[in-house]
Amino acid sequence: MLVPVKWLREYVKIDDIHSKTLADELTLSGSHVESIISMERDIEKVVVGRIEKLEKHENADNLLVVAVNIGTETLQIVTGAKNLKEGDCVPVALVGARLPGGVNIDKVNFRGVESYGMLCSLKELGYEDSVIPKYQRDGIFVFDKEYPLGSDIKEILGLYGDVIEFEITPNRPDCLSMIGMARETAATFNRQLKLPEIKVTAEVDDIKDYVEAVEVDEELCNRYYVRVIKDIVIKESPLWLQNRLIEAGVRPINNIVDITNYVMLELGQPLHAFDYDKLKNKKIVVKRAEEGQKMLTLDGVERKLKNSHLLITDGENILGIAGVMGGFESEVTDDTTTVLLESANFNSRSIRLTAKDLNLRTEASSRFEKGIDPNLCEMAAERVCQLVEEIEAGKVVKGIIDVYPNVREEKNIELRPEKVNGLLGIELSIDEMIDYLERLGLKAVKDGNVLKVTVPTYRLDLEIEADLIEEIGRLYGFHNVPSKPLEGILTRGEKSFERTVAEKAKTVLQALGFNEAMTYSFISPKAYDKIKVEEDSQLRKYIQIMNPLGEDYSVMRTTIIPNVMDMLSRNYNFGVKECFVYELGNIFIPKELPLKELPYEKKRLTIGMYGSVDFYDLKESVEIMLERLRIEDVEYLPEKDNQTFHPNRTARLMKDHEQIGIIGEVHMDVLENYDLDVRVYIADLDFDMIVEMTNLERRYRPLAKYPAIERDIAIVVDEDILVGDLEKTILDNGQGLIEKVELFDVYTGEQVSEGKKSVAFSIIFRSFDRTLVDDEVNAIQENIIKALEENYNAKLRS
């Protein structure tokens, strides 16, 4: 929001305040200043002149010789401009003048004719193209009327003073106006606010002869206020009006459009003028568009509309998109003689979505989408009519049409003085609180132990007691609130149990050589085909993203295996010989489809590896991690039905009859889908279940005083006998004296019968209360061998 300080001074007496001080104090009171822009130009010796005579250059067809009266003398100047006529007042740069950009003006000879200066365009005077009126872009700038000859151009064009640029937060739409910033200024400096006196004096005819009715969609249109102006002569605006718009960053167009833009900047209420003679019917109908309906907007672009878009129509033809942009067919042109003036208030959400749908954000839509006080409509329309009379741009038709079904009333909020001081940490009297509130335009009355505060309708952001406390605080100055040491009872924060377990598991895996990875929670639905998930699997009941970045990120994952396989494939194809990764992340399980509520989010730990490793390396890594988490007695049972994994090299992890995961070698068909020609091993674990089973308590026992006895045993059993079952049998028959059982060899080959395998264990015996003797250990080992023979038909390998 650009706020010219000269314009601000029309509403607040701040002549004694420097722009820098103004900006600093307004920033401290809550209005953030982005920059201060000086209107000063590097201009010297440029004055107002009047063209007395125009003649063609005798030696050049495209040049004119101009006699320019500057008050004290008449100068001869050569120019190539085509937009001049005798009697025009123009800016004249004298010999020795300096223009923006370091341009110096000297006497020049143009093909035998001396030129004693230069006639200037607005661009040559330092104006940006974005604010130069289209009719002034080509050629010399011509004043709207005659000004004292010889006057300094900087005084006439107002090239002095500063413009302050403010960043207006979305909750303060009332500050998107000169009056809004004037209120803030008056409150900050405790000065009187002077609002413009609005009065329309010379009305003609009756509006009922021009407009028969106004019909609105009450859900999307809060208020629609109509006035009519006739006998309009479209021309350029007075210089003072153009200067105001240019300083505020708006390009002047013509007198009617400029007035509506001026009032929008002044009051914050967007307005629109329709060419009345282009209406088919004497009525206004505000209604929703038909799906797929098309219209041509003011910018010459055809727009395809949705049913949610609100339109201004005459019952038949579209006049404009409500709150966004007018229609090309109803545009005010040089031939316009009568306009219908719209001052309306629309649903902010509707305008925001419409502007977003059409990719069309305008000054009007940027204000409407933040919310505007509907009570501004009348004031803004009457202000336009007043200015039309003031610059003699037309005649105002008597009467109004005002459709305002749900009148916005002022809010009342109770404020507790002790709450103010307690929250701000200061000591203010009730009178001081009332003073701050009233400076902001609020009414405050003491009622017992509370203040009853009436909030004006333009303060849409003030809803609760805390909002009022903030208002008092910012006017008092948060920088004035004294610093105090922290008070209160300190509590020690600590990590949640789940996070502690997660960090413990990560530490173990990293110590084993695994690298942590984090991938997107969105995957492609084709990923389920790549890992051969069955069609009726629960994993295929995934959530589809409504507006995905692409097909590769279009569903929320129900398994992390595809992500890990992608990483392993990428590394392998980049020439990485060994890769060890894991990801601890969420999967998303819908409660029902189509989705009606948030899905379940479950933690999964997926580990992947390839290189000089096999199934047992992965199994050992998982066992070490579970051991560190004190999860014991985990069984590894064969799994043959999971199509992602090899049918003979896969196991389910079971604990207390519950499956906590699966580990195994990835199926060769899946490897082919990922362009992998190396064996890959995956473990996919339910980490939520692991957290529930984890026991982080530690019990310690003294180091053993007595020596251990180690015995090896090699037996031949059927190939389908599980090593885990053999280990369990050994432990069960160890009479509590077995400290450790470790598998160190599995052999199948020439020396073992077909269908059999040789399994070798190392058994460590130890007692914590005595020294074991060989006879005792031999007896236990005999029992173990006997149990293995009885249960598994095991034979000692000779």
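Note that the structure is predicted; figures quoted are calculated from it, not measured.

> It is not clear to me how the sheet that holds strand β11 (residues 162-167) should be interpreted in this structure. Could you clarify?
Strand pairing within a sheet occurs via backbone hydrogen bonds; the two strands may be parallel or antiparallel. Reading across from one edge, β1-β11-β2 is the order of the 3 strands in this open sheet, with antiparallel pairing throughout. Since the sheet does not close on itself, it has two edges, and those belong to β1 (2-4) and β2 (32-38), each with one partner. Direction aside, the axes of adjacent strands within the sheet are offset by 25° on average. When β1 meets β11, the two strands line up antiparallel, connected through 3 bridges. Bridge pairing in β11 places P4 opposite V163.

> For this particular structure, what's the right way to read the sheet that holds strand β16 (residues 283-288)?
The 5 strands lie next to each other as β13-β16-β19-β20-β21, forming an open sheet whose pairing is mixed. For this open sheet the edge positions go to β13 (213-215) and β21 (325-326), each flanked by a neighbour on one side alone.

> What is the right way to read the packing of aromatic side chains from this model?
Any aromatic ring pair is given by two values, namely how distant the centres are and how the planes are angled relative to each other. Across all of its chains, the model carries 11 aromatic pairs by this definition. With 5.4 Å between their ring centres and 65° between their planes, F143 and Y147 make a pair best called edge-to-face. Per residue, the accessibility class of F143 equals that of Y147, and both read buried. Considering the side-chain rings of F514 and F580, the 5.8 Å spacing of their centres and the 85° angle between planes classify their relative orientation as edge-to-face. Highlighted residues: F514 in the loop between α13 (497-511) and β28 (515-516) and F580 in strand β32 (residues 579-589), separated in sequence by 66 residues.

> Would you take a moment to explain the packing of helix α2 (residues 19-28) against helix α4 (residues 178-189) for this structure?
The description of two helices packed together rests on the angle between their axes and the distance between the axes. At a minimum axis separation of 10 Å, α2 and α4 run at an interaxial angle of 90°. When the axis of α2 is compared with that of α4, the two are roughly perpendicular. On the side of α2, the interface is formed by T21, L22, E25 and L26, while α4 contributes E184, T185, T188 and F189.

> What exactly am I supposed to notice about the domain arrangement of the protein chain here?
When the parts of a complex come together, some accessible area is lost, and that lost area is often used as the size of the interface. Assigned domains of the protein chain: these are domain 1 (2-39 + 161-189), domain 2 (44-156), domain 3 (207-403), domain 4 (411-480), domain 5 (497-693) and domain 6 (709-796). Summarising the inter-unit geometry, the C-alpha centres of domain 4 and domain 6 are found 83 Å apart.

> Looking at this structure, I do not really get the side chain of T650. What am I missing?
Here T650 is to be found in strand β35 (residues 645-655). The buried category is assigned to T650, whose relative accessible area is 6%. Engagement of the side chain of T650 in a polar contact is seen with the backbone oxygen of H646, the distance being 2.6 Å. Residues in contact with T650, not counting those within four places in the same chain, are F615, L637, P638, E639, F645, I662, I663, G664 and E665.

The rules we used
Residues numbered from 1 in each chain as written. Predicted model: local features only at pLDDT ≥ 70, side-chain atom pairs only at ≥ 80, totals over all residues. Heavy atoms only, no water. Pairing = 2+ DSSP bridges. Helix = DSSP H or I, 4+ residues; strand = E, 2+ residues; numbered from the N terminus. Axes fitted to C-alpha atoms, helices over the stretch in contact; angles between N-to-C directions. Phe/Tyr/Trp six-rings, centres within 6.5 Å; stacked < 30°, edge-to-face > 60°. Buried < 20%, exposed > 50% of the residue type's maximum accessible area, 1.4 Å probe, protein only. Parallel < 35°, antiparallel > 145°, perpendicular 65-115°, else oblique. Contact = heavy atoms within 4.5 Å. Domains from an automatic or database assignment. Polar contact = N/O pair within 3.5 Å; in protein donor to acceptor, adjacent residues only side chain to side chain.

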